[in-house]
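This is what each chain is made of:
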Amino acid sequence: MPKVFLQKYHAACASGTSIEEVCESLAQNISSLKPRTFQFEEAKDFFVGSFPDEKLRQLSFNELCLKYIRKLNIDFSKADTLLILSTTKGEILSLERDTEAASLHKSVLFFEKELHCANQPLLISNACISGVLALVQAHDFVKAGLYKSIVVCAADLISPFVVSGFNAFQAISPQACTPYDKNRNGVSLGEAVAVALVSSEESEIELLGGATANDANHISGPSRTGEGLMLAIKNALKQSGEPKIDFVSAHGTATVFNDEMESIAFTTLGLQHLPLHSLKGYFGHTLGAAGLLESLVCAEIIKQGVAYKSLGFEEAGTSMPLNILRENKNLEIKTVLKTASGFGGCNGAVVLKKA
Amino acid sequence: MTQTLYIQNYVRIKNSRLNINGSLKAFEIASAKAFAEQIYRSESLAYPKFFKMDLLSKFGFLAAELLLKNSEKPSDTSLVFANKSSSLDTDIKHQQSIEAGKNFLPSPATFVYTLPNIVMGEICIRHQFKGENIFIVQPQFSPKILTETINLQLSLGKATNFILAWVEVLHEEIDIFACLINAKQNEETKTFTTENLTHLYNT
């Protein structure tokens, strides 16, 4: 079977409108989470990671994805080319006025038409592991020779729909979120788009493989034992040929239970000594985009040899101590493990390697 | 060379009809919710969590119950699910609860179901499945990519037992198709192909 590589990629989130801008902002340890007012029963401020660019903020989900997919300059009319979309809520902002437009299948039809796709786009909606799962699916398809080129596009926008829901769960941090910290108190939501071309053509970054696993425990809370995440990591490492991991880009949402669960899973697997960070303190939890956006940051970390510190982390706050980065660190990183976990008990993991 | 997979059995729920491996049962129903509860009762199920689920999870859960009645349930069973409207049926309910000026009262119990993969989470909890999950949204039932996904998971050694399901629920319209797939073969099994899936879906 051929090797699979990450080719060109682009991204935008609160930290910047290109991957270069995003990484520059991360290198300077700038939090791009800011208070934004939502008009619910009364006006309330939440720390969120919004796009820094007014023009981007005005785009719908479909328009935003299209803009970034077009940057890759791919001919989707070829029979061996596939678009994989990853999102939790897609065009949910339309729901207020047009139920049909908010339906995710409408986005599939939109991209199929706009991009003249030979193959109908594959839309994956699997909670907060969608981005990791989409990347793994692209890897597996290319590895098996089913498609030659796959573009993965992962995006989610900040919406009153999602903010009100997380708020009803009392899962939103009153300040900018602080993953793994003793005083962490919930997530900060963010918005993002990330696009990447995956193919068997050699490049600097190889995708080794990945897997998902379910906790089979609870639909809205992580497993206390971390079993699902452990299984996802174990299977991802097996799929990847059991490489030695140098760095972990964890999920780290900054809810009390998620970060605790991760610390147990990493420790049980003997990975607790590895340098690790969560990027949520920089640009928030970008839901269906998170897994891909954060994997692209991993690719940049491998290329540049600098791992960004875990912003917001001061005092250890999980029962199992992890090696969380307190400062940016020059590290020779060959292999990175990226993980994610989400509602529905789902967990995903993917491994990237310097080619 | 990839092993051949077979469709072990299937469940079809559409309009007010239930079809388990070709054996049909018609229900007289007042609503989709009542339909789900009738199936639950007629099968003498005892799983109180069922009553907390949204309609998508209720019907997905029932399809899995019927499918797995006499089957082994290996913990690495993989779930490959798809539908057209994602969780829109419940999204509408959450949206109504947050519209300004009306009765603002979003409920976490509703919000959690605004993700389509929750139905797989419910099934995993019930049967202790800890394998692969993927939820795909398609404009209509298109078995090609679902078949590719399952064959791929088999050839990469990710799973050997699969549930493929189409779980569409919107505005009281129910369209459910689920089948159990693995390598076992007997006189009743059909080869796992897109043609056979399409044929069963259209029954």
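Above this text is the structure in question.
Residues numbered from 1 in each chain as written. Chains lettered and ligands numbered in written order. Predicted model: local features only at pLDDT ≥ 70, side-chain atom pairs only at ≥ 80, totals over all residues. Heavy atoms only, no water.

### Digging into the overall build of chain A
Stage number 1. The number of helices and strands found in chain A is 10 helices and 16 strands.
Stage number 2. In summary, chain A has a C-alpha radius of gyration of 19 Å against a globular reference of 20 Å for 355 residues, a match within 12%.
Stage number 3. Within chain A, the fraction of its 355 residues that count as buried is 64%.
Stage number 4. Summarising the internal contacts of chain A: among those between residues at least 6 apart in sequence, 78% fall at separations of at least 24.
Stage number 5. Per element, the accessible surface of chain A, about 12,400 Å² overall, is 47% carbon and sulfur.
Stage number 6. Charge separation in chain A, taken as the distance between the mean sites of 32 positive and 38 negative side-chain charges, equals 3 Å. (Helix = DSSP H or I, 4+ residues; strand = E, 2+ residues; numbered from the N terminus. Rg over C-alpha atoms; globule rule 2.2 N^0.38 Å. Buried < 20%, exposed > 50% of the residue type's maximum accessible area, 1.4 Å probe, protein only. Contact = heavy atoms within 4.5 Å. Areas by Shrake-Rupley, 256 points an atom, 1.4 Å probe, with all protein chains shown as cover. Lys, Arg positive; Asp, Glu negative; His and termini not counted. Charge placed at Lys NZ, Arg CZ, Asp CG, Glu CD.)

### Remarks on the side chain of B:Ser142
Residue and element names in this part refer to chain B.
Stage number 1. With respect to the helices and strands, Ser-142 occurs in the loop between β5 (133–137) and α6 (143–155).
Stage number 2. Look at Ser-142 and you get buried, because its relative accessible area is 19%.
Stage number 3. Polar side-chain contacts of Ser-142 include one of 2.7 Å to the backbone oxygen of Gln-140. (Polar contact = N/O pair within 3.5 Å; in protein donor to acceptor, adjacent residues only side chain to side chain.)

### Let's talk about the side chain of A:Asp259
Stage number 1. Along the chain, A:Asp259 falls in helix α8 (residues 256–268).
Stage number 2. Contact partners of A:Asp259, with chain neighbours within four places excluded, come to A:Pro179, A:Tyr180, A:Arg184, A:Gly252, A:Thr253, A:Ala254 and A:Thr318.

### Some remarks on the pattern of salt bridges
Stage number 1. The final tally for this structure, using the stated rule, is 21 salt bridges over all chains.
Stage number 2. The closest approach of N and O atoms between A:Glu332 and A:Lys334, which form a salt bridge, is 3.8 Å.
Stage number 3. A residue is classified by how much of its surface remains accessible, and A:Glu332, at 64% relative accessible area, is exposed.
Stage number 4. Across the pair B:Asp175 and B:Arg12 runs a salt bridge, and its minimum N-O distance is 2.8 Å. Of this pair, B:Asp175 sits in strand β7 (residues 173–182) while B:Arg12 sits in strand β1 (residues 6–14), placing them 163 residues apart in sequence. (Salt bridge = Lys/Arg side-chain N within 4 Å of Asp/Glu carboxyl O.)

### A closer look at the sheet that holds strand β3 (residues 43–49) of chain A
All names here are of chain A.
Stage number 1. Taken in spatial order, the three strands make up an open sheet running β2-β3-β7, and their pairing is mixed. What marks the edges here is a single partner per strand, and that holds for β2 (34–39) and β7 (189–190).
Stage number 2. Here β2 pairs with β3 via six bridges, running antiparallel. From the neighbouring strand, Phe-38 faces β3, where its bridge partner is Lys-44. (Pairing = 2+ DSSP bridges.)

### Some remarks on the pairing of strand β16 (residues 346–354) of chain A
All names here are of chain A.
Stage number 1. When you tally the buried positions in β16, you get seven out of nine residues, the bulk of the element.
Stage number 2. Two strands pair when backbone bridges link them, and strand β9 (residues 205–214) and β16 are joined in this way by nine bridges, in the antiparallel orientation. Bridge pairing in β16 links Leu-207 to Leu-352.
Stage number 3. Adjacent in sequence and paired antiparallel, strand β15 (residues 335–342) and β16 are bridged by three residues, among which Gly-344 carries a positive phi angle near 85°.

### A short note on the packing of aromatic side chains
Residue and element names in this part refer to chain B.
Stage number 1. One pass over the full model with this rule turns up 23 aromatic pairs over all chains.
Stage number 2. Considering the side-chain rings of Tyr-10 and Phe-177, the 6.5 Å spacing of their centres and the 55° angle between planes classify their relative orientation as tilted. You can see Tyr-10 sitting in strand β1 and its partner Phe-177 sitting in strand β7, a full 167 residues away along the chain. By the burial criterion, Tyr-10 is buried, and Phe-177 matches it. (Phe/Tyr/Trp six-rings, centres within 6.5 Å; stacked < 30°, edge-to-face > 60°.)

It is worth stressing that arrangement in space is one thing and function is another; only the former is reported here.
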